[in-house]
Amino acid sequence: MNNNTKSGFVAIVGRPNVGKSTLLNTLLKEKIAITSPKPQTTRHRISGILTKDNYQIVFVDTPGMHKGKDLLNKRIDKVAVSTLKDVDSIIFVVDRKKGLAEEHVINYFKGLNIPVYLVINKIDLMKNKSEIDEFIISYLGSYEFAGVYPISAANDENIEFLLNDVVKSLSDGPFYYPVEMKTDQTNEKIMSEFIREKILYYTEEEVPHATAVVIESMDYNEEYKTVDVRALIIVERTSQKIILIGKNGEKIKQIGTEARLDINKKFGFKAHLELWIKVKKDWRNRPNELLRYGFDNE
Ligand SMILES: Nc1nc2c(ncn2[C@@H]2O[C@H](COP(=O)(O)OP(=O)(O)O)[C@@H](O)[C@H]2O)c(=O)[nH]1
Ligand SMILES: [Mg+2]
């Protein structure tokens, strides 16, 4: 490490499903945040730390900002808004869809007095350059952005332009985290998120959002040289439990297999994953339950 280091916090914000978590993983070149085609995948604030010789950026992936009805969604929105108050700059991610949600988010920027980078994601889905240009123009009147970046987070396209400018907005100062640290999430949290990602993928409608995952224990097994991970999946109704189990237990088995492979890849060990499903009526509206599953009122 040298003495001329720069560092800072950068929030990644935008409507659910625009690709914020995908962008974070691409920036870090490692999967630390789960992604899914379904909205409201990210529930917690997740930091991803990018450290180079002379700079360190702490990216903060926020849960999508939206107007949710239940207590869980209200907490999520509060996390997103409070994050903006203590960062050095903001990456505002949008995709082809533009609506009230975008205006809602832009409103939060006013009065913050920090650079906001407008990222137009998923350009691989846009037909041609003029469609991209038109889309950019539609945003220019709404706020004075520090820069506009048409990118594809999934295909790692044009990310370096964004990164170069973000680095310029860092302040001189020491690193916040050790150089080898990539995220502030605990290993248990990462594992439970990998499991939740598969649940999001393999279930529909109300099940994904009625589900929480907690790692109950993690023990090294001398005999088999495995790490035995015991995870609890909480749902709201028995019908959701039945859906998760699937015919002959096939769905839960598939979820377990895929989560285990992700865990093995990320941590470099052989996991033995045990999944338990428990019904907890209406946990999303019960403050104590929310606390137990890690949704503190931060
Ligand atoms: N075609 C395309 N899809 C993308 C791109 N970036 C993200 N996605 C997809 O968009 C969906 C939502 O992504 P995610 O990162 O979970 O969005 P978030 O809710 O904003 O964090 C996922 O299915 C991603 O694979 C992109 O550049 N191109
Ligand atoms: Mg996300």
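Counting starts from 1 at the beginning of each chain's written sequence and moves along it residue by residue. For this description, chains carry letters from A and ligands carry numbers from 1, given in the order in which they are written. Totals for whole chains, interfaces and linings use all residues, but because this is a predicted model, local features are given only for residues with pLDDT of at least 70 and pairs of side-chain atoms are given and counted only at 80 or more. The side-chain figures draw on all heavy atoms in the structure; neither hydrogens nor water molecules are used.

As recorded by an unreviewed UniProt entry, the chain carries the name GTPase Era and is attributed to Haploplasma axanthum. Per its UniProt entry, the chain bears the Sequence similarities (unreviewed entry) comment "Belongs to the TRAFAC class TrmE-Era-EngA-EngB-Septin-like GTPase superfamily. Era GTPase family." The UniProt entry for the chain carries the following text under Subunit (unreviewed entry): "Monomer." UniProt positions are given in the numbering used here, feature names are shortened, and annotations may be inferred rather than shown by experiment.

**Q** Please explain the overall build of the chain as it appears in this structure.
**A** Each helix is a run of DSSP H or I of at least 4 residues and each strand a run of E of at least 2, with the numbering of both proceeding from the N terminus. Tallying secondary structure elements over the chain gives 10 helices and 10 strands in all. In this treatment the radius of gyration is a C-alpha quantity, and the globule benchmark scales as 2.2 Å times the residue count to the 0.38 power. For 298 residues, the compact-globule estimate of 2.2 N^0.38 gives 19 Å, and the chain sits close to it at 20 Å. Principal-axis analysis of the C-alpha atoms places the extent of the chain at approximately 55 × 45 × 40 Å. Counting across all 298 residues of the chain, residues that qualify as buried make up 51%. Within the chain, residue pairs in contact and separated by at least 24 positions form 70% of the contacts whose partners lie at least 6 positions apart. As presented, the chain carries roughly 14800 Å² of accessible surface, and 51% of it is formed by carbon and sulfur atoms. The charge count treats Lys and Arg as positive and Asp and Glu as negative. His and the chain ends do not count. Charge placement uses NZ in Lys and CZ in Arg. For Asp and Glu, CG and CD serve respectively. Side chains of the chain carry 44 positive and 42 negative charges; the gap between the two charge centres is 5 Å. With a 1.4 Å probe rolled over the protein chains alone, any residue whose accessible area is under 20% of its type maximum counts as buried; one over 50% counts as exposed, and the rest are partly exposed. When checking whether two residues touch, look at their non-hydrogen atoms; a contact exists if any pair is within 4.5 Å. Here, Shrake-Rupley sampling with a 1.4 Å probe gives the accessible areas, and only protein chains in the shown set may cover a residue.

**Q** Whenever I open this one, the UniProt feature "domain: KH type-2" (unreviewed entry) in the chain confuses me. Can you help?
**A** Taking the numbering used here, the UniProt-annotated feature "domain: KH type-2" (unreviewed entry) corresponds to residues 203-281. Each end of residues 203-281 is marked by a C-alpha atom, and these two atoms are 19 Å apart; helix forms 38% of the span and strand 37%.

**Q** How do you make sense of the site of ligand 1 when you look at a structure like this?
**A** The immediate surroundings of ligand 1 are formed by 18 residues, with Asn 17, Lys 20, Thr 22, Asp 124 and Ser 152 found nearest. Between ligand 1 and Val 18 there is a distance of 3.3 Å, counted from an oxygen atom to a backbone nitrogen or oxygen. Here Asn 121 contributes a side-chain N or O atom positioned 3.2 Å from a nitrogen atom of ligand 1. When the free accessible area of ligand 1 is taken as 580 Å², the share hidden by the protein chains comes to 85%. Each residue receives one of three labels: charged for Asp, Glu, Lys and Arg, nonpolar for Ala, Val, Leu, Ile, Met, Phe, Trp, Tyr, Cys and Pro, and polar for the others, Gly being one of them. For the shell around ligand 1, the per-class residue count stands at six nonpolar, eight polar and four charged. Any residue with a non-hydrogen atom lying within 4 Å of a molecule or strand is treated as near it. Throughout this description, a polar contact denotes any pair of N or O atoms lying within 3.5 Å of each other; where both atoms belong to protein, one of them has to be capable of donating a hydrogen while the other can accept it, and for residues adjacent in sequence the pair is counted only when both atoms sit in side chains.

**Q** Help me out: how do you make sense of the packing of aromatic side chains in this one?
**A** The description of an aromatic ring pair rests on the distance of the ring centres and on the angle between the ring planes. Between 30 and 60 degrees the pair is tilted, below 30 it is stacked and above 60 it is edge-to-face, where a pair is any two Phe, Tyr or Trp rings, Trp via its six-membered ring, whose centres lie within 6.5 Å. Per the stated rule, a full pass over the model turns up 10 aromatic pairs. By the ring-pair criterion, three or more aromatic residues cluster together here, those being Phe 92, Phe 109, Phe 135, Tyr 139, Tyr 143 and Phe 145. In our convention, an over-ring charge means Lys NZ or Arg CZ found within 6 Å of a ring centre and within 35 degrees of that ring's normal. Lying over the aromatic face of Phe 194, Lys 31 brings its terminal NZ or CZ to 4.9 Å of the ring centre.

**Q** Just to check I follow, could you spell out helix α9 (residues 250-267) for this structure?
**A** Since the α-helix packs 3.6 residues into each turn, any two residues three or four apart lie on the same face. Helices are assigned an expected span. That span is 1.5 Å times one less than the residue count. Its 18 residues place the ends of α9 26 Å apart at the C-alpha level, agreeing with the 26 Å of an ideal helix rising 1.5 Å per residue. When we look at burial in α9, the residues that qualify are Ile 252, Ile 255, Gly 256, Ala 259, Asp 262, Ile 263, Asn 264 and Phe 267. Where α9 is buried, its residues contact α6 (187-202), β9 (226-235), α8 (238-245) and β10 (271-279). Taken from the residues just after α9, Gly 268 is the one with a positive phi, measuring 70 degrees.

**Q** It is not clear to me how unusual backbone geometry should be interpreted in this structure. Could you clarify?
**A** Working note: non-glycine residues mostly have negative phi, and peptide bonds are mostly trans. If you check the backbone angles, Lys 122 has positive phi at about 65 degrees while not being a glycine. Structurally, the position occupied by Lys 122 is in the loop between β5 (116-120) and α4 (129-140). Classification of Lys 122 as partly exposed rests on a relative accessible area of 22%. Phi is positive for Asp 282, close to 60 degrees, though the residue is something other than glycine. Tracing the sequence through the fold places Asp 282 in the loop between β10 and α10 (287-292).

**Q** How do you make sense of the domain arrangement of the chain when you look at a structure like this?
**A** As assigned here, the chain comprises domain 1 (6-172) and domain 2 (187-292). Domain limits in this description derive from either an automatic procedure or a database domain assignment. For domain 1 and domain 2, the distance between their C-alpha centres works out to 28 Å. The interface of domain 1 with domain 2 comprises 17 residues on the first partner and 21 residues on the second. When the buried surface of domain 1 facing domain 2 is broken down by residue, Ile 34, Lys 38 and Arg 43 rank first, second and third, together holding 35% of it. Salt bridges, as used here, are contacts in which a Lys or Arg side-chain nitrogen is within 4 Å of a carboxyl oxygen on Asp or Glu. Notably, a salt bridge pairs Lys 31 with Glu 197, separated by 2.4 Å at the nearest N-O pair. Once two parts are joined, some of their accessible surface, as seen by a 1.4 Å probe, is lost; buried area is that loss totalled over both.

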